[in-house]
Structure formats: structure tokens, C-alpha cells
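Each chain, written out:
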Amino acid sequence: MAQYVIGDIQGCLTEFQQLLNKLNFNPGTDTIWLTGDLVNRGPQSLATLRLVKQHDGCMQTILGNHDLHLLALHYGHGKLKRGDTISDILNAPDRTNLIDWLRQQPLYREEEDYVLVHAGIWPEWNCKHAQRLAVEVETVLQNNPQEFFARMYGNKPVRWNNNLNGDERLRFITNSFTRMRALTVDGAMDFDYKGMLGDMPSQLMPWFKAPARQNTDRTILFGHWSALGLYHQDNVVCVDTGALWGGSLTAYNLKNGSVVQTPSQTKLNFEN
């Protein structure tokens, strides 16, 4: 039995299938964690979503920002952006089943010493607190999606406060799990920087290098930051290696730390 975590697929189905073949993936014994962003920007979002849903028992995902964008569009909120490739899902005959399944996926998974999220965990939250906050969002998302998506979009607030409530609280939690990369040195979320770690301006830092970070007791697995690439330090493992941007799709073996990759066949030129 093997357990892998695979980075953002974003509709790159060919690379995903090639990677599964390289892994000799056996759905009867092996399990895969997916870092979210199953869909969008790549060429085969609908088929990717159908495949993961079909193997729901052995392929477990969490929600990424592109998955949430798809859900929001389904519920009549947000706008299609240049380069979005999810219209086929919105027009699919099995759209309702796919959307209902996707909406039930969590923002946070954990098992033994590992935690899976899409982008990161706010440095002030320990893992137990983060899990509780994820459930807050998941409960609203599953029970009242219209209300949730009507207020999901936006960059504020940029700092956590335990007294946050209502829409601001839900939006901050969602952004932390699904959109976070960099923080300012004075502890605010920055949504502009998407580049490489070595090029980061001095007034910014990656979320996982924040002083007094409270969630270092487990290894946090995440994607979202394709320019960061494969990164295994600071009690985190980033496995988004830019399959969408001409890089590769990566599988990380949770049992022994080995890495298997398949090269991208997709090269896009707009920002993610």
C-alpha cells in the first residue's frame, strides 16, 4: 500500500494519467491526496473532475481557489475570467452531481503527522485551531452556498483577529487556506506576490517562515504556489511544480519521501 500527495492538476488530465501510470497506481490498495485546484486553466477540467469523483474512495482532495471559483459561478456569483476553462463543467449534463460532490470537499485534511491544505495555514493558528476554523467555513458552504459565495470574493481583512465575525471571518479563513503565499513583515496577508522564493522582496516573507509559527508540529502539505516549486523544509512540503505552466506534475510519497514527476505538456502565459 502506497500513499501519495499530488500537486495542483488544474485540468491537466494527460499529465495526471501519465503520473498515475508511473506510480503503478492501484486504486484497490493505494491512496492519493490531491492539493486542490482540480480544475481550471488546463485543457480537460471536466474529465479531470469526473475521474477524481469516480475514484472518491482512494483519491481525496481539498478545495482550492479555482475549485471555489467554479462553485461560485455555478451559484451565480463571480465572473468568468480570461483563460478560465470551466464552461464545459457548467454546461455538462452531470453538472449538478459534480458540483454537489465538489461542494462537500473540505478545506483541511489530516492523518497522523500530515496535514493537507491548498495554500497554507495562518501562522498564528495551531493545527487543531485551524481544523475548527475550516469546519466553520465548510458548514456554511455546505448548508448555505448562495450566501457564502455572494460574499466570498475579496482581499480584506488581511490580518487575523479572534473577534472577527460574519463575512469577514469566513473570507479571511477561506483566503488563508486557499490563496495565501506571502505575508508582510508586519504580519499582513499579501495577495500580489506570486514569484520565486529567491526573488521575494525584503518586506515580504513566505507564510511558513513567519516568526513564532504555531503549526510546526506536523508536516503541512500544500500546492498553490507554482513558482515555489518542490519545497521540503520548515515542516512543509509544497508539491505544486507548475504542470500548468510548462513544469511538471509531482507525486510525493508520504511513506518514504520519494518523488515521481511527469513533464508538462501544457504551457500557459497568464497568471494563476
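Conventions adopted
- Residues numbered from 1 in each chain as written.
- Predicted model: local features only at pLDDT ≥ 70, side-chain atom pairs only at ≥ 80, totals over all residues.
- Heavy atoms only, no water.
- Salt bridge = Lys/Arg side-chain N within 4 Å of Asp/Glu carboxyl O.
- Helix = DSSP H or I, 4+ residues; strand = E, 2+ residues; numbered from the N terminus.
- Patch = residues over 30% accessible without salt bridge, like charges linked within 9 Å, V, L, I, M, F, W, Y side chains within 5 Å.
- Areas by Shrake-Rupley, 256 points an atom, 1.4 Å probe, with all protein chains shown as cover.
- Lys, Arg positive; Asp, Glu negative; His and termini not counted.
- Charge placed at Lys NZ, Arg CZ, Asp CG, Glu CD.
- Buried < 20%, exposed > 50% of the residue type's maximum accessible area, 1.4 Å probe, protein only.
- Polar contact = N/O pair within 3.5 Å; in protein donor to acceptor, adjacent residues only side chain to side chain.
- Phe/Tyr/Trp six-rings, centres within 6.5 Å; stacked < 30°, edge-to-face > 60°.

Peer 1: Before we go on, may I ask you to explain the pattern of salt bridges in this structure?
Peer 2: Should the charged atoms of two oppositely charged side chains come close, the side chains can pair. Overall, the coordinates contain eight salt bridges when judged by the stated rule. One salt bridge in this structure joins D100 and R103, with 3.7 Å as the shortest N-O distance. You can see D100 and its partner R103 sitting in helix α5 (residues 95-103), three residues apart, about one turn around the helix.

Peer 1: Where do I start with a negative patch on the surface in this structure?
Peer 2: On the surface, a cluster of negative charge is contributed by E111, E112, D113 and D217. Residue position: D113 is located in the loop between β4 (109-111) and β5 (114-116).

Peer 1: Is there a simple way to think about the side chain of R181 in this case?
Peer 2: With respect to the helices, strands and loops of the structure, R181 is situated in the loop between α8 (166-178) and β6 (182-184). Within the buried core, R181 has no salt-bridge partner, and the shortest N-O distance to an opposite charge, that of D240, equals 6.5 Å. Within the structure, R181 has its side chain in polar contact with the backbone oxygen of H224 (distance 3.1 Å).

Peer 1: What's the story with the packing of aromatic side chains in this structure? I'm lost.
Peer 2: Two aromatic rings are characterised by how far apart their centres lie and by the angle between their planes. As enumerated under the stated definition, the model contains 13 aromatic pairs in all. An angle of 10 degrees between the planes, with centres 5.8 Å apart, marks the rings of Y75 and F149 as stacked. One end of the pair, Y75, is in the loop between α3 (65-74) and α4 (87-90); the other, F149, is in helix α7 (residues 145-150), with 74 residues separating them in the sequence. For the pair shown, Y75 and F149 are each scored as buried. Ring geometry for W125 and F177: centres 5.8 Å apart, planes at 45 degrees, overall tilted. Of this pair, W125 sits in the loop between β5 and α6 (127-143) while F177 sits in helix α8, and the two are 52 residues apart along the sequence.

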